[in-house]
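Chains, contacts and geometry: an overview
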Amino acid sequence: MSLVNYEKRGAVGVVTVTNPPVNAMSPGVPKGIVNGVAEANADDDVKAIVLIGAGRGFIAGADIRYFSLPWPEGEENFSDVIKSFEGSAKPVVAAIHGHALGGGLEVAMACHYRVIVPTAQVGQPEVKLGFPPGAGGTQRLPRLAGVKAGLDMIVSGNPVRAPRAAELGIVDKVIDGDLLEGALAFAEEKAASGGPHRLARDLDAKLDDAGIFDAKRQEIKRRARGMRAPYACIECVEAAVELPFDEGIKREREIFEDCVKSDESKALRHVFFAERAAGKIPGIAKDIALRPVKTAGVLGAGTMGGGIAMNFANAGIPVRILEQNQEALDKGMARIEKNYANTVSKGRLSQDDMDKRMGLIEPVLDYAALGDVDMVIEAVFETMDVKKNVFAKLDAVCKPDAILTSNTSYLNVDEIAATVPGRSGNVLGTHFFSPANVMRLLEVVRTENVSDQVLATVMDVGKRMRKLPIVAGVCHGFIGNRMLEGYFGEAALMVEEGAPPQQIDKVMYDFGMAMGPLAVSDLAGLDIGWSKRKDAGGGEAVHERGSFVSNKLCEMGRFGQKTGRGYYIYEQGNRTPVPDPEVAQLAKDAAAHFGLETRDFSDQEILERCMYPLVNIGAQILDEGFALRASDIDLVYINGYAFPVWRGGPMHWAGTVGLKTVYDAVCRYHDELGFAHWKPSPLLKRLADEGKAFEDYDQED
Ligand code: 3H9
């Protein structure tokens, strides 16, 4: 079957793109469109042309794989397609269903007219791949939609739905009913009218908002920190206002090509494909029959349990939330209600939808109420004994094929599963990130005995909740938290060696992290680690390397933000960390205690000591089989730990540094410092020796 088909329907030539799954503009598609338009123009009986997509949508844009592959020599491309429309004596109508994204919308905007079904979306998501639209989108969209709306769409990358697209003038008509029939009628009508059939390039009336660009730069400052593409988008739209059309196109092309080559774009393209790969589990068929999950239960109405219950409700799944007493239940339900009300007040949810979702959450006090639900997530206190106790109770009441999951950040889920041996094929871990109703990451912890069907079902439930589920194996801290130990550990160690907390945090903030590791420790509460160390030390926290300053701070009642002091001072009602000379003194005390000589640190050393343990442990996790692929680890860090998406995640980023450089430094720090997180991973060594990156490892069998 060819990628583009041409047929005549009465007096209209219909060009249909058939390139599943999303009709990307792969090699062969531009040529097919050009040929179709030529054939229609050569036929005197044809008065107009309709361009339409087969399957799920119109055209999803350029084939993203080809930004990293050579385009076949001599093969037609976007500009040939656009030229064919502009040179067509007969009006071309784009008929849009599903999606017209990126180059798909650009192709549509280069047609004379556009019609759309009410459910379709149009957008320029290129910025999310690290570049501006490159086939005229930044020049045509402002001409159709106006500068402000066009700029908003191009800089955010977010699509708009058909009714809004019509309101803005991006499309000419919304078709209720059959799209092709509607498009044929529209095309015939336009052909009969005799024109003129105006092209977007010739419309200048909406190019009047010249003063908004600096305001836009200001607006995106926080969100686009460290990135080039959003600013590149602004430059391109500015060119639409300032330059004649053809010069604007030239300017857009230069900026586009420059951005496509950037590390930022390579990282964002890596993330695009990483997200698509994440749902695939080797050995489990894509179409495996899933267990129906029509009802659910959540144990614990605390912050975590409440957030998880909201996730079920958001997915339209009725959920019973269980607590030990009425007071805790009421408190939990009130918190859920408040969370939803906040979203309503921000205009991101309608009152009606909030009411529907609240109606799906049923507070209960008796385990018996969970007897008939399809899936239970327990989110009770994070200790093994409590979890085992809860599983015993679930075992007594739940139906035999109920899926039982433990929401835990560290505990051995195999050990929990072993307490209900008759059910172990139905037991696994779900590690939600706090706040569970907001954070996109969900680690799905694959236990030894869990069935493929149950694993696939929980992955699917995660997607229904609009999460990004990532499969992790059972190891201490799974993927994300296991890797963190080296990151936070090194920050604390460097403080004892003389690096000021504010320098460490600034280096990591400038790298692109939302906050530095010590500011994060203050936010999370220093007392959590302290209390674990006290338990381990039989009531007293032993001063080991990396815990001295934190122990001392806690002994002084400085637990972090919640007490107004931790590694930093926080003024009343202000979350800005202020450096504290007292902490500098504690660091000196630590150095004296351990017999260390304090010294100045370069920013480069700080970066290496925070980041390289992440990479080294990540490689270890991969090698031990606790992550399916390196790109999954990248997604964990981007979506659960605020790692800058434009750096592609720690494993991808390591490739930009060069794995040999990273490996050599890991060996050096291992020799100098000796901590377990520096023990060089054999996989890292192998890839470094072979001159490979983690992406190459993901391609290996
Ligand atoms: C562009 O257009 C540049 C131009 O301005 C200038 C050029 C000169 N290419 O997401 P799904 C694959 S840049 C290649 O799971 P859904 C995807 O990898 C482009 N492959 O489906 C997956 O493969 P697999 C601007 C693509 O229904 C399969 O299709 N456009 C592309 O959840 C299914 O994808 C965009 O950024 C592509 N363009 O969502 C749109 N798109 O099965 C990107 C998808 O092997 N695409 N694939 O894993 C999307 O946003 C979503 O895929 C879409 C469908 C909404 C279309």
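A count of helices and strands for the protein chain gives 29 helices and 17 strands. Its C-alpha radius of gyration of 29 Å places the protein chain within 12% of the 27 Å reference for a compact globule of 701 residues. Across its three principal directions, the C-alpha atoms of the protein chain cover 90 × 60 × 50 Å. When the 701 residues of the protein chain are sorted by exposure, 52% land in the buried category. Partitioning the contacts of the protein chain with sequence separation of at least 6, the portion at a separation of at least 24 is 72%. Surface summary for the protein chain: the accessible area is close to 29,800 Å², and the carbon and sulfur share equals 51%.

Turning our attention to the nonpolar core. Ranked by size, the top nonpolar core spans 80 residues in total, and within it I479, I504, M508, Y567, M611 and F694 carry the most contacts. Counting residues per element, this core draws most heavily on helix 24 (residues 603-623), which supplies 11 residues. Once residues within four sequence positions are removed from consideration, M508 is found in contact with Y487, M513, G516, P517, L607, C610 and M611. Among the nonpolar cores identified, the runner-up in size contains 75 residues, and V14, V117, A135 and V147 belong to it.

The next subject is the sheet that holds strand 3 (residues 48-53). Reading across from one edge, 1-2-3-4-6-9 is the order of the 6 strands in this open sheet, with mixed pairing throughout. The outermost strands of the open sheet, each flanked by one partner alone, are strand 1 (4-9) and strand 9 (173-174).

This brings us to the site of the ligand. Every one of the 29 residues lining the ligand counts as a neighbour, but R56, G103, E106, E126 and K280 are closest to it. Separating an oxygen atom of the ligand from a backbone N or O atom of G103 is a distance of 2.8 Å. Interatomic distance of 3.1 Å between a backbone N/O atom of G134 and an oxygen atom of the ligand. Calculation on the ligand without its partners gives an accessible area of 1,000 Å², and the protein chains cover 74% of this total. Tallying contributions element by element places helix 11 (residues 263-278) first for the shell around the ligand, with 3 residues. Here the residues of the shell around the ligand are counted per class, giving 17 nonpolar, 5 polar and 7 charged.

Next up on the list: the side chain of N311. Following the sequence through the fold, N311 ends up in helix 12 (residues 303-314). Apart from the residues within four sequence positions on either side, N311 is in contact with F432, A436, N437, M465 and K467.

Attention shifts here to the domain arrangement of the protein chain. The domain boundaries assigned to the protein chain delineate domain 1 (4-260), domain 2 (296-476), domain 3 (481-594) and domain 4 (603-700). Of note, the centres of domain 1 and domain 2, computed from C-alpha atoms alone, are 43 Å apart.

For helix 12, built from 12 residues, the straight-helix expectation of 16 Å at 1.5 Å per residue is met to within 8% by its first-to-last C-alpha distance of 16 Å. With 9 of 12 residues buried, helix 12 lies mostly within the body of the structure. Among the residues trailing helix 12, G316 stands out with phi positive, at a value near 80°.

Our focus in this paragraph is the pattern of salt bridges. Enumeration according to the criterion identifies 54 salt bridges in this entry. Salt-bridge contacts for D452 lead to R446; the nearest nitrogen and oxygen are separated by 4.0 Å. With relative accessibility at 34%, the residue D452 sits in the partly exposed group. As a salt-bridge pair, E605 and R599 come within 2.8 Å of each other at their nearest N and O atoms. Judged by its relative accessible area of 14%, E605 is buried. It is possible to trace a salt-bridge network through shared partners that takes in E490, E496, E497, R545, R599, E605 and R609.

Attention now goes to the packing of aromatic side chains. Pairs of aromatic rings are described using the distance from one ring centre to the other and the angle between the two planes. Under the defined criterion, the tally for this structure stands at 15 aromatic pairs. Between F272 and F273 the ring centres are 5.1 Å apart and the planes differ by 90°, which places this aromatic pair in the edge-to-face class. Judged by its relative accessible area of 25%, F272 falls in the partly exposed class. Residue classification places F273 among the partly exposed positions, given a relative accessible area of 36%.

Definitions and cut-offs
- Residues numbered from 1 in each chain as written.
- Predicted model: local features only at pLDDT ≥ 70, side-chain atom pairs only at ≥ 80, totals over all residues.
- Heavy atoms only, no water.
- Helix = DSSP H or I, 4+ residues; strand = E, 2+ residues; numbered from the N terminus.
- Rg over C-alpha atoms; globule rule 2.2 N^0.38 Å.
- Buried < 20%, exposed > 50% of the residue type's maximum accessible area, 1.4 Å probe, protein only.
- Contact = heavy atoms within 4.5 Å.
- Areas by Shrake-Rupley, 256 points an atom, 1.4 Å probe, with all protein chains shown as cover.
- Core = buried A, V, L, I, M, F, W, Y, C linked by side-chain atoms within 4.5 Å.
- Pairing = 2+ DSSP bridges.
- Near = heavy atom within 4 Å.
- Polar contact = N/O pair within 3.5 Å; in protein donor to acceptor, adjacent residues only side chain to side chain.
- Nonpolar A, V, L, I, M, F, W, Y, C, P; charged D, E, K, R; others polar.
- Domains from an automatic or database assignment.
- Expected span 1.5 Å × (residues − 1).
- Salt bridge = Lys/Arg side-chain N within 4 Å of Asp/Glu carboxyl O.
- Phe/Tyr/Trp six-rings, centres within 6.5 Å; stacked < 30°, edge-to-face > 60°.

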